[in-house]
Amino acid sequence: MKSAVAVRSGLRRVGWSMSAQIASNGSNFVLTMLIARSVTTAELGIFAILMAVNGLAIGVLRGFSAEPMIFGESSVSSYEGARRHNAVVGSSAVLSVCISMLLLPVVGIATGNWLLALIFCAAGCVMGIQDAIRFILVSTGRSRQAFVLECVWIAVQLPLIWLVYDKKSLDWLVASWTVGALCSAVYGMLCIRWVFSLRDATSWISKSYRIGFVYSSDFLVGGGIAQLVTFLIAAFAGLDAAGEYRAAQMLLMPLSILTLGLTFALSPEVARMAAHSQFRRLKSVPYLYAGAIITCAAAIVGTVSILPGGLLGDLLGESATGAATLLPFVALATCVVSVAVGPGLVLRALGRVRDAFLLKCMLVVPTIGAVVIGCVYLGAIGAQIGLAAVSFVRAVGIWILMNRRMKSQLDSTRGVL
């Protein structure tokens, strides 16, 4: 009876957490769709690069702030209650400001649009805070509030975008997105009653920097590589190809929502399973994760293949044709990359993040090389083929590592019993 209640409770938490991630991706989906319809493919390519930079920055921030909290790292175990939450959000705020200040001149020079660079970097500061609050709400069982947090973003963003849409300006659209993020962050601060303490923020960073470096590096050599593909496509195949790649990713937005939602929702759950020695249930998570990803990708590709060309044109503008051609290859690469996420979560929950990190490090150079070679010969399609090929090797390796660690944990549990 208790087991059934625990399962239902876990499913409710996962459901609300996934809803929060769906709402989070919804704001990005709306923004990308409207930008695709209102700007050229080259400008969409610039936006794709900015979003890749944003994804990399947020992933690095989590490694030093939210993830040590979620996975119960001993280095920050002395922080409890409100002080723990203040330190997590504070550390994310401090680091996001530092990263944004470093990125401002780079983005300004790269795009030639200093106003856009300023808006984008301001968005980065706000999103760093908002993201940390979202993870706190989920880790403390307040997934419904996390869902409302994301809904606030959408509710503010949509009317603002409607007001400025006729300007056909990337600056105004990104500014509307930023204001939505700011309102969401303010709501989150009120939810957790955040009080900024520079002392706690810097203390958290100083205590978490070692494991934070591992988490952030693990992200960069894993999910970060997928973000890096955007830069490589832009460099070797041009901004138009990068724009078409972003448009294809938008068609795959339901898959992106599913992968990010599952990762976001399952991170605290697998940590709980590991803490309670529920190893058999823990082992089933990667299989369910992989099955859901592959099924969703196949459904999206099949659906898009039968849609009228005019409908795609209305949705994506001049990027539609290239995006439709690229879609199956992007779906393949996304599936192969995502299949390795489930075992990675299990290894983190077992305190073996370094095992997966070392494997990913070994494959960084081959991955970049495969993507570049694919770009040179086949453009964006070749990049996806190269990414899928090396990611398959990485996925197989991580699954082997997970199975070995799980067998060791199960054997040790039997020994205790």
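Right, let's walk through the structure included here. What you see is a predicted model; the values in this text were computed from it and never measured.

A closer look at the overall build of the chain
Within the chain one finds 17 helices and zero strands. The C-alpha atoms of the chain give a radius of gyration of 21 Å, which matches the 22 Å a tight globule of 417 residues would have. Taking the principal axes of its C-alpha atoms as reference, the chain extends roughly 65 × 45 × 40 Å. Taken over 417 residues, the chain has a buried fraction of 55%. For the chain, contacts bridging at least 24 residues in sequence account for 84% of all contacts bridging at least 6. Summing over all exposed atoms, the chain offers an accessible surface of approximately 17,700 Å²; the carbon and sulfur share of this is 68%. The chain carries 31 positive and 17 negative side-chain charges, and their two centres are separated by 14 Å.

Regarding helix α14 (residues 320-339)
Under the 1.5 Å per step criterion, the end-to-end length of α14 is 28 Å for 20 residues, consistent within 8% with the ideal 28 Å. At L327, α14 shows its largest bend, some 45 degrees, and a proline, P328, comes one to four positions later.

Thoughts on a nonpolar patch on the surface
Nonpolar side chains collect at one region of the surface, where F236, I373, V376, Y377, L378 and I385 lie side by side and expose about 660 Å² of accessible area between them. Within the element layout of this structure, V376 appears in helix α17 (residues 364-416).

Details of the pattern of salt bridges
Inspection of every chain in the model, using the stated rule, returns six salt bridges. A salt bridge links R348 to E67; the shortest N-O distance between them is 2.6 Å. In this pair, R348 sits in helix α15 (residues 341-349) while E67 sits in helix α3 (residues 66-70), placing the two residues 281 residues apart along the sequence. Take E67: its relative accessible area is 14%, and that puts it in the buried class.

Observations concerning the environment of L315
Inspection of the secondary structure puts L315 in helix α13 (residues 309-316). On the basis of relative accessible area, L315 is assigned to the partly exposed category, the value being 25%. Taking the C-alpha atoms as reference, L315 lies 43 Å from I211; in sequence the two are 104 residues apart. Those residues in contact with L315 that sit more than four places away from it in its chain are M33, R37, M250 and L251.

Remarks on empty space enclosed by the protein
Where empty space is left becomes clear once a probe the size of a water molecule has been rolled over the atoms. Inspection of the entire model under this criterion finds three cavities of 30 Å³ or more. One number sums up the size of the second largest cavity: a volume of about 100 Å³. Looking at the second largest cavity, the residues that line it are N54, A57, I58, L61, S96, I99, S100, L103, F120, C121 and G124. Of the residues belonging to the lining of the second largest cavity, the class tally is seven nonpolar, four polar and no charged.

Digging into the nonpolar core
The tendency in soluble globular proteins is for nonpolar side chains to be buried as a group. Within the largest apolar cluster, 97 residues are counted, with the highest numbers of intra-cluster contacts made by I35, F47, W177, I233 and L282. Per-element tally for this core: the top contributor is α17, with twelve residues.

Criteria and cut-off values
Residues numbered from 1 in each chain as written. Predicted model: local features only at pLDDT ≥ 70, side-chain atom pairs only at ≥ 80, totals over all residues. Heavy atoms only, no water. Helix = DSSP H or I, 4+ residues; strand = E, 2+ residues; numbered from the N terminus. Rg over C-alpha atoms; globule rule 2.2 N^0.38 Å. Buried < 20%, exposed > 50% of the residue type's maximum accessible area, 1.4 Å probe, protein only. Contact = heavy atoms within 4.5 Å. Areas by Shrake-Rupley, 256 points an atom, 1.4 Å probe, with all protein chains shown as cover. Lys, Arg positive; Asp, Glu negative; His and termini not counted. Charge placed at Lys NZ, Arg CZ, Asp CG, Glu CD. Expected span 1.5 Å × (residues − 1). Bend = angle between axes of the 7 residues up to and from the residue. Patch = residues over 30% accessible without salt bridge, like charges linked within 9 Å, V, L, I, M, F, W, Y side chains within 5 Å. Salt bridge = Lys/Arg side-chain N within 4 Å of Asp/Glu carboxyl O. 1 Å grid on protein atoms, 1.4 Å probe; cavity = no way out; pocket = protein on both sides within 12 Å on 5 of 7 lines; lining within 4 Å. Points joined across faces, edges and corners; volume = space filled by probe spheres on them. Nonpolar A, V, L, I, M, F, W, Y, C, P; charged D, E, K, R; others polar. Core = buried A, V, L, I, M, F, W, Y, C linked by side-chain atoms within 4.5 Å.

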